[in-house]
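# Structural overview
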Amino acid sequence: MQRIHRFWRRAGASVVLLGSLSACQAQEAASPIATAKPQQPAMSRTAAVSTAPPVTQPASATTPFPVWLEALRAEARRKGVSDGTVSLALAEVAPIPRVIELDQRQPEYTQTFRRYLDGVTSDARIANGKAMMQRHAALLEALEKEYGVPGRFLVAFWGLESDFGRDIGSYPVVNALATLAYDGRREAFFRDELFKALTILDRGHISFAKMKGSWAGAMGQTQFMPSTFLRYGVDEDRDGHVDIWGSVPDTLGSAANYLKNIGWDAERTWGREVLLPHNFDAALVSLDVDAKETVKPLSEWSKLGIKRADGGALPAAEITASLILPDGIKGPAFLVYDNYRVILKFNRSVFYAVTIGHLADRLAGAGTLAAPRVIFDPLRRDDIATLQMKLAALGFFKGTPDGVLGPATRQAVRLFQKTTGLPPDGYVDAKLISAVLARPGA
Ligand SMILES: [Ca+2]
C-alpha cells in the first residue's frame, strides 16, 4: 500500500467503495500511491468519503473550468466566505492532473492482511511510536483523562495516518478539492468539503500556504477531511487555533475528541488475537466488515474452544465479540469488540481497524502476532471477476462480477466451500479460485 499507509491517505476515494473485507482488500491493494483513505480518512479521510453521494457525471463534462470556478466563487461568497479568502484561495486554482489520475485509478491487485500489516508495522514504525509514547506521555495521560481514549490508540492512529506527522501529504487542499469537485466522481461531496476548507481558512486556523494534505483533501497529521476538522478538531494547546498540521497537542486532542464522539468505549479495548481449536467450524467467522453476523458473548467463544493468543483462557468479562479472519482460516484470528467498529468509522477497512488495534498493543509492549507468518499472494481483480462469473454460473453468486471481494462474493465462496467439503471461511486465494474454476457444471 503505498507505503501502505501512505497510500491510504491518498486514496481518499477508494474507500468509499469498500464496505467489506474485500473491498478493503482491493483498496489496500492498490498501488503504492493510489489509495488513500478518504473518509475521514484517517481519522477522517475515510469517513467522510464513505458517506459521499453516488457517483455522477463530472462537471467537467459540461462546463469549462473558468466558468465553473466563477460560479464556485460566487457560491462561496453567498455561503459567507470572506472576499479575502475567496480571492486568495480561489485565485490560482486549476485542475491537478495527478489528482484526477489517482481518483480514477483502480487497483489491479488485492492486498492480503499479513502483507499489509508487515508494511505498516515495521520495526522503525514501532520504535518511533514507542518514542512518541514516551515523549508525549504527559499529554497522552491528560487526553485519556479528558476523552477516555488511551494514548496507545491515539499514537497508533497518528502513525498510520501521517507517520507521526512526517507525512501529511503535499497537495494544496483547496486545489485538490476543487479538482475533485470539478472532475472527480463525487462532485457534491468534494464541493461541500471545499467550502468547509474555505471556512477553516476564514477562521484563521491555518494559512492558505500551509493547508496541505493528501490528493483526496485529507488534511494534516490526522488526515481529517475539512468537515471532520470542523466537527471534531480541538485547540488542545489553547493558542486560539486548531492546528492539526503543526501542533501535536491539537493533533492528538482532535483524534481523541473524534474517537470519543463516534462512540469509543473507554472501558474496553479493541479486541485481541486468539487461537482456534483444531477442526473449528469456519462458518462461525464473520464475513462482513462490520462483523456483526456472529456476535457472541466471550463465554460462548470460550466454550467453542477459543483461547487467548498465549494459550490462556479468554477474559471472563461480560462482553460480546465477533470472530474475524482477515487472511482466512490459515491466517491469524481475532475476536473484535465494539471499539473495533468505532475504528471502522474512521476508515472502513478490516485491515486498517485490526492493524490500529494491533499497533496500539505493540506500542504498549505486546509482541508480534502469535499466528505463523504466512504471506498469501495478491490476487488480480480480473481473476476475482472470473471467479465471480463462475460462482454465478454455478448458482452461488447473484451479484454483478466487478472484481471486488465484497460480502456477497464471500458468502458465495462460503456456499461453494460448504458444498465441496472445504472449511467455509469465505476466504479467496489462488487455490480456492482454481477449485471453483475446476468445478464441473455451468
Ligand atoms: Ca492550538
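Residues numbered from 1 in each chain as written. Predicted model: local features only at pLDDT ≥ 70, side-chain atom pairs only at ≥ 80, totals over all residues.

## Remarks on the overall build of the protein chain
When you go through the protein chain residue by residue, the secondary structure sums to 21 helices and 7 strands. Looking at the protein chain as a whole, 53% of its 442 residues qualify as buried. (Helix = DSSP H or I, 4+ residues; strand = E, 2+ residues; numbered from the N terminus. Buried ≥ 20, exposed ≤ 12 C-beta atoms within 10 Å, placed from the backbone.)

## Details of the nonpolar core
With 71 residues, the main nonpolar core has Leu154, Ala156, Val336 and Ile356 as its most contacted residues. Considering each element in turn, this core owes the most residues, 9 residues, to helix H18 (residues 350–363). Beyond its immediate stretch of four places on either side in the chain, valine 336 contacts Trp270, Gly271, Ala291, Ala321, Ser322 and Ile324. Grouped together as the second largest cluster of nonpolar side chains are 37 residues, Val81, Leu180, Leu198 and Ile206 included. (Core = buried A, V, L, I, M, F, W, Y, C linked by C-beta atoms within 7 Å. Contact = placed C-beta atoms within 7 Å.)

## A closer look at the pairing of strand E3 (residues 271–275)
Here E3 pairs with strand E7 (residues 333–336) via 4 bridges, running antiparallel. The residue of E7 that forms the bridge with glycine 271 is valine 336. Relative to strand E5 (residues 307–308), E3 runs antiparallel, the two sharing 2 bridges. Bridge pairing in E5 links leucine 275 to lysine 307. (Pairing = 2+ DSSP bridges.)

## Topic: the pairing of E7
Alternating residues of E7 divide into Ala333 and Leu335 and Phe334 and Val336, and every residue in both groups is buried. Here strand E6 (residues 320–324) pairs with E7 via 3 bridges, running antiparallel. Across the sheet, serine 322 pairs through a bridge with valine 336, a residue of E7.

## Examining the packing of helix H11 (residues 151–162) against H18
Between H11 and H18, the least distance of the axes is 8 Å, while the angle of their chain directions is 120°. Regarding the angle of H11 to H18, the classification is oblique. Between H11 and H18 lies a crossing of right-handed hand. Here Arg152, Phe153, Val155, Ala156, Phe157, Gly159 and Leu160 of H11 lie close against H18, whose contacting residues are Thr355, Ile356, Leu359, Ala360 and Leu363. Each residue belonging to the contact of H11 with H18 can be placed in one class, and the counts come to 9 nonpolar, 2 polar and 1 charged. (Axes fitted to C-alpha atoms, helices over the stretch in contact; angles between N-to-C directions. Parallel < 35°, antiparallel > 145°, perpendicular 65-115°, else oblique. Left-handed = near helix turned anticlockwise from the far one by under 90°. Nonpolar A, V, L, I, M, F, W, Y, C, P; charged D, E, K, R; others polar.)

## Digging into helix H19 (residues 381–393)
In this model, H19 (13 residues) spans 18 Å end to end at C-alpha, consistent with the 18 Å of a helix rising 1.5 Å per residue. As for H19, its buried residues are in contact with helix H20 (407–420) and helix H21 (430–437). (Expected span 1.5 Å × (residues − 1).)

## Things to note about the sheet that holds E5
Pairing is antiparallel across the open sheet formed by 5 strands, whose spatial order is E4-E6-E7-E3-E5. Pairing within the sheet leaves two strands with one partner each, and these edge strands are strand E4 (296–297) and E5.

## Structural notes on the environment of glutamine 388
Assignment of secondary structure puts glutamine 388 in helix H19. When the C-alpha positions of glutamine 388 and proline 401 are compared, they lie 5.3 Å apart, and in sequence the two are 13 residues distant. Leave out the neighbours within four places in its chain, and glutamine 388 touches Phe397, Pro401 and Thr409.

## Notes on helix H12 (residues 173–183)
Judged by how many residues are buried, H12 sits mostly within the fold: 11 of 11 residues are covered. All of the buried residues along H12 are Val173, Val174, Asn175, Ala176, Leu177, Ala178, Thr179, Leu180, Ala181, Tyr182 and Asp183. Against the buried residues of H12 lie helix H5 (65–78), helix H6 (83–89), helix H7 (97–104), strand E1 (171–172), helix H13 (187–202) and strand E2 (212–213).

## Describing unusual backbone geometry
Even without a glycine there, the phi angle at aspartate 163 is positive, about 50°. Residues other than glycine seldom take positive phi values, yet arginine 238 does so here, at roughly 55°. When you line up the elements, arginine 238 lands in the loop between helix H14 (226–232) and helix H15 (248–261). Residue arginine 238 is classed as exposed on the basis of its 9 C-beta neighbours within 10 Å.

## Quick word on the environment of asparagine 128
With respect to the helices and strands, asparagine 128 occurs in helix H9 (residues 123–135). Looking at asparagine 128, the number of C-beta atoms within 10 Å reads 17, which means it is partly exposed. Separated by 36 residues in sequence, asparagine 128 and phenylalanine 164 place their C-alpha atoms 8.1 Å apart.

## Re the confidence of the model for the protein chain
Taken as a whole, the protein chain shows an average pLDDT of 88; of its residues, 87% reach a score of 70 or greater. Within the model, the stretch residues 1–53 combines pLDDT values under 50 with 241 contacts to residues more than four positions away or in other chains. (pLDDT = per-residue confidence, 0-100.)

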